[in-house]
Amino acid sequence: MFWNASLRKYRIGCFDVCKHNWVDDVSLPSYYYNHDDQAKYLGFGVINDRLFLSFENLADCCIDMCVMEEYGVQDSWVKLLSVPGADELRGGVVAVSCF
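The text that follows walks through the structure, step by step, so that each part is easy to find.

The rules behind the values
Residues numbered from 1 in each chain as written. Predicted model: local features only at pLDDT ≥ 70, side-chain atom pairs only at ≥ 80, totals over all residues. Heavy atoms only, no water. Helix = DSSP H or I, 4+ residues; strand = E, 2+ residues; numbered from the N terminus. Buried < 20%, exposed > 50% of the residue type's maximum accessible area, 1.4 Å probe, protein only. Contact = heavy atoms within 4.5 Å. Areas by Shrake-Rupley, 256 points an atom, 1.4 Å probe, with all protein chains shown as cover. Pairing = 2+ DSSP bridges. Salt bridge = Lys/Arg side-chain N within 4 Å of Asp/Glu carboxyl O.

## A few points about the overall build of the protein chain
No. 1: The helix and strand tally for the protein chain stands at 2 helices and 7 strands.
No. 2: The proportion of buried residues among the 99 residues of the protein chain is 31%.
No. 3: Considering only contacts within the protein chain whose residues lie at least 6 apart along the sequence, 29% involve residues at least 24 apart.
No. 4: Entry remark: accessible area of the protein chain is about 6600 Å², with carbon and sulfur atoms responsible for 52%.

What follows is the structure, encoded as structure tokens:
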């Protein structure tokens, strides 16, 4: 189970529902750590059995969506798509739907 467990910084906490305890956080993409002032978290979820994260890339004025190819491996985050025009979408509702 995952959710945004933010304490002034974005992170994805992980709770083991079988063992009833918190385990290590899931690493965010290295881009986020290197440019945390230029990335605004939008959402996360699961797509094709993989964790995904979407965030607004303030430097490039786009919305990026990444998936974690191998669970728990920070370097396995791969950018799936980048939607330009984030500055035009700001203030609206942005949702990514994948089927």
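Next comes the rest of the write-up.
## Focus on the pairing of strand β6 (residues 62-68)
No. 1: When you tally the buried positions in β6, you get 7 out of 7 residues, the bulk of the element.
No. 2: In this structure, strand β5 (residues 50-57) lies alongside β6, joined through 6 bridges in antiparallel fashion. When the sheet's bridge partners are listed, Asn57 is paired in β6 with Cys62.
No. 3: Where β5 folds back onto β6 in an antiparallel hairpin, the turn is made up of 4 residues, including Cys61, whose phi is positive at roughly 50°.
No. 4: Note that β6 and strand β7 (residues 77-84) share 7 bridges and pair antiparallel. Its bridge partner lying in β7, Asp64 is registered against Ser82.

## Side note on the side chain of Ser54
No. 1: Here Ser54 shows up in strand β5.
No. 2: The exposure class assigned to Ser54 is buried, which follows from its relative accessible area of 7%.
No. 3: Beyond its immediate chain neighbours, meaning those up to four positions away, Ser54 contacts Tyr41, Leu42, Gly43, Asp64 and Met65.

## Quick look at the pattern of salt bridges
No. 1: Under the counting rule described, the total for this entry stands at 2 salt bridges.
No. 2: In this structure, Glu69 engages Arg50 in a salt bridge whose closest nitrogen and oxygen atoms are separated by 3.5 Å. Note that Glu69 is positioned in the loop between β6 and β7 and Arg50 in strand β5, a separation of 19 residues in sequence.
No. 3: Of the charged contacts in the structure, one is a salt bridge between Asp64 and Lys79, with a shortest N-O distance of 3.7 Å. Within this pair, whereas Asp64 is found in strand β6, its partner Lys79 is found in strand β7, the two being separated by 15 residues in sequence.
No. 4: A relative accessible area of 2% means that Asp64 is categorised as buried.
No. 5: In this structure Lys79 comes out as partly exposed when scored by relative accessible area, which is 48%.

Bear in mind that shape data such as this cannot, by itself, settle questions of function.
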